[in-house]
Each structure stands twice: as C-alpha cells, then as structure tokens.
Amino acid sequence: MPGTTLTQPTVRTVTTLADDRQLIYYDRGTATPRTAVDQRPLDAQAPGSRIRLDPATGDWVTIAAHRQARTYQPPAEECPLCPSRDGRLSEIPAEDYQVAVFENRFPSLAGPPATRTGEAATLTGEAAGLWTSGPGAGRCEVVCFTADHDASFADLTPERARLVLDAWTDRTAELSALPGVEQVYCFENRGAEIGVTLAHPHGQIYAFPFTTPRTARMAARATEHRAATGRNLFEGLLAAERAHGERIVLAGEHWTAFVPFAARWPYEVHLHPHRRVPDLTALDEAQRAEFPTLYLDLLRRFDRLFGPAGRTPYISAWHQAPAGHRDELALHLQLFTIRRAADKLKYLAGVESGMDAFVNDITPEDAARRLREAAA
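Note that this is a predicted model, so its numbers are computed, not measured.

A. Seen up close, the nonpolar core. Counting 51 residues, the largest nonpolar core has Phe153, Trp168, Phe291 and Trp318 as the members making the most contacts within it. Once residues lying within four places of it in the same chain are set aside, the contact partners of Trp168 are Val143, Phe145, Phe153, Cys186, Ile205, Leu280, Phe291, Tyr295 and Trp318. Counting residues in hydrophobic clusters, the runner-up holds 15 residues, among them Tyr25, Leu81, Ala94 and Ala147.

Structure (structure tokens):
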C-alpha cells in the first residue's frame, strides 16, 4: 500500500539508517529522490519491551525500561532531528528535508506484532490466571515536520501542513496493514512542560498491538448509544454542538472545531470532519484541502491565548478507529494544553491521577469564548 494515499506530485523516498531502521522522506516541488547515506557507526538495537495486562482494569501497559537511555533535551547544535550538516551527523542523513519519518531509535514498541503470547500458564499460586503478558511488539515512528529547529507546526505554510497530513495518512495506511496492529495513533507533544525531550518540531506515530483504553471506552459508549437510540454517537455529538453553537471555536465547510461539553483540560478543542470517517485514509479531497488552514488557525490561537507567555505547550492527538470499530467510531483531532493561565499549569493531582476523575478549573463555554477571541 505504500504511496497510494499521497497527493501528487509528492516524492516519497524510502531508505534505511545505519542500524537498518526505515527512513522515509516526503517532498514536494522536487522530482529527485534523496540519496544521502547514514554514515554513523550504529549497531542494531533489540529493545525487548513487554506489554502486561492489568488484571484489575483490563488495560494493557507497556514496560519499556530501555527508554531510560533515550536522548534527553540536547543542545540545539546536537539535535538528532536536524539535517546532517557540516560534519555533524544526525538521524536525518540529508542536508535538508521537508517532512521526514523514521523508526524511533528508542521505541516503546518494536517488532512484528503478529502474536501476543500469554504467560499465565507458567505461573503458580495466586498469580495463576491473573498475570498475562507478551512481547511489546508494534512500531513507533518519529515525524519531523520541518528541518527548521526553531520553528513549530504553527509556523508551517498550509502547503507544508498538507504534506504532513499526507505523511500521517500514508503511514496510517501502511501501519494498519501490518499483521497484529490494532490501532494507529498519530500525535504531537509540544513544550518542555508536556515532557518533550527533543525541542525540534516533531510528532510521533504508534502502531499498537492492542486497542488503547480511551478508544475502547469510546467504542463501548458508541455501541451503547447505537443500541439505545439507533444512531451514531459521534454524528449526534457534532450535530448537537453545531446546533448549540456556544462552544464552537471555528468552522469551515468540511470541519468544525469545538470545546467539548465535558472538557477535561482547561483549553481543549476537538476538530471533527462533517462527514464522519473512521480514520485519515478515508478523508476525501475536500476534507484534506480544508484541514491545513483550519488546523493552523487553531494552533495559532493557542499560541495567542496567553499573550507574552510564549508558545503554548500542547498535545495534539488523532483519534482513529481501530479494526473492528470502524462503523461506529469517528476520526477526530483532540488539541489541548496543560496551561490554565499564563503563569499556571494544570497538574494531574490526586483526583485525576489516582481516580481518573478530572476537575476542570475553566468552563468549556468560557474556554471556547476565549479561543474565539484569540483569532488574528
């Protein structure tokens, strides 16, 4: 399936790094594939992570102890996501690039996720039938949005943002087709406050061998709603928000962004396509064409929200339907910040971290109003 989801004319160059990890360049405006070779003396790594099933909740937890050694907040001149220049070798061998995607050197999940082997049979006593684990199989990729170390996604042009969307879509198509992959998750963490370890503008993609807990809960709610009403939950949510209007932040012909009725975070926006689709691969051309302008508008509003406080830390998360739930779940993007004021952060304290019971300090209606007012 490689390349089938890309907008033309896009050049997709697939190569490998020195330790055999895959690297893919996505370029527009050039017909020449990138040919630079990774010159670093890297040894192949065997991460060896595991997934364990929490017997009390049914949630899968990934144990990836090798990630303790990952690169942590290096100075700009040692950034591993900048292009390789002037004798300084990085994860990107080319001297320049538009969008680049490569396998994470310190992945939480790695290896063919074709099987998940339980270990309960090897246990005795009280543990028998309670503890289940398996290999931490799957795939983790890094998406570099631009070669400019000091930029952010909000600084991209609509054309470059569209190229990133095409890369997300292409990777979703390819990773979803891998045996054993149940869910593909594209996301971006921005800001040291979020816990970002590399300042270069980038995101990540996880190909999970299981359905994530939040998605499983949404699927269960959607199934219950269908049984009770005969209608789709997400189509109803979008229609209700569009009709009510008070929590709408911005809207186009094919997408609407709104603060959800029960927002968990001080400033949280959900961006839905008007025509419900299960994942990025199902978007039509009209939806793809409009997305970059609306998304860049949202990101820039987040940056203006707190005035001179600087770039707003955020998490941007694509919710895509896993296998088995494509008829009821809906693709949407969730964008939220942990900042609740220019000089205050929203920490997950005892209630949220211990009980998963969120307390929001700002009403969703007031958050929507402030984000509307943050228009350029």
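B. A look at the packing of aromatic side chains. On inspection of all chains with the given rule, the structure shows 17 aromatic pairs. When the ring of Phe208 is compared with that of Phe210, the centres are 5.2 Å apart and the planes differ by 45 degrees; the resulting orientation is tilted. Across the pair, exposure class does not vary: Phe208 and Phe210 are buried alike. Clustering of aromatic rings is evident, with ring pairs tying together Phe145, Phe153, Trp168, Trp255, Phe291, Tyr295 and Trp318. Across the ring face of Tyr25, the terminal group of Arg34 is positioned such that the distance to the ring centre comes to 5.9 Å.

C. The sheet that holds strand S2 (residues 22-28), seen in detail. Taking strand neighbours across the sheet as the criterion, the 11 strands line up as S1-S2-S5-S7-S9-S8-S13-S14-S12-S11-S10 in an open arrangement whose pairing is antiparallel. Whereas interior strands pair on both sides, the edge strands pair on one side only; in this sheet they are strand S1 (10-16) and strand S10 (248-251). Going from strand to strand, the sheet's axes swing by 15 degrees on average, the running direction of each strand aside. Looking at chain direction, strand S12 (residues 267-273) and strand S14 (residues 332-337) are connected through five bridges and run antiparallel. What sits directly across from Glu268, in S14, is Phe336. Of the strands in this sheet, S1, S2, strand S5 (99-103), strand S7 (139-144), strand S8 (183-190), strand S9 (202-208) and strand S13 (314-319) are in contact with helix H1 (residues 158-176), which crosses S2 at around 145 degrees. Here helix H4 (residues 285-304) sits on the sheet in contact with S8, S10, strand S11 (255-258), S12, S13 and S14, set at roughly 10 degrees to S14.

D. Representation of the layout of surface pockets. The space that makes up the second largest pocket amounts to roughly 600 Å³. For the second largest pocket, the lining is made up of 18 residues, of which Arg214, Met218, Phe234, Leu237 and Arg264 are closest to its centre. Elements with a minimum of two residues in the lining of the second largest pocket: helix H2 (213-229), helix H3 (233-244) and S12. Of the residues forming the lining of the second largest pocket, the biggest block, five residues, is contributed by H2. Tallied by class, the residues present in the lining of the second largest pocket amount to eight nonpolar, four polar and six charged.

Criteria and cut-off values
Residues numbered from 1 in each chain as written. Predicted model: local features only at pLDDT ≥ 70, side-chain atom pairs only at ≥ 80, totals over all residues. Heavy atoms only, no water. Core = buried A, V, L, I, M, F, W, Y, C linked by side-chain atoms within 4.5 Å. Buried < 20%, exposed > 50% of the residue type's maximum accessible area, 1.4 Å probe, protein only. Contact = heavy atoms within 4.5 Å. Phe/Tyr/Trp six-rings, centres within 6.5 Å; stacked < 30°, edge-to-face > 60°. Lys NZ or Arg CZ within 6 Å of the ring centre and 35° of its normal. Pairing = 2+ DSSP bridges. Helix = DSSP H or I, 4+ residues; strand = E, 2+ residues; numbered from the N terminus. Axes fitted to C-alpha atoms, helices over the stretch in contact; angles between N-to-C directions. 1 Å grid on protein atoms, 1.4 Å probe; cavity = no way out; pocket = protein on both sides within 12 Å on 5 of 7 lines; lining within 4 Å. Points joined across faces, edges and corners; volume = space filled by probe spheres on them. Nonpolar A, V, L, I, M, F, W, Y, C, P; charged D, E, K, R; others polar.

Interpretation in functional terms is not warranted from these geometric data alone.
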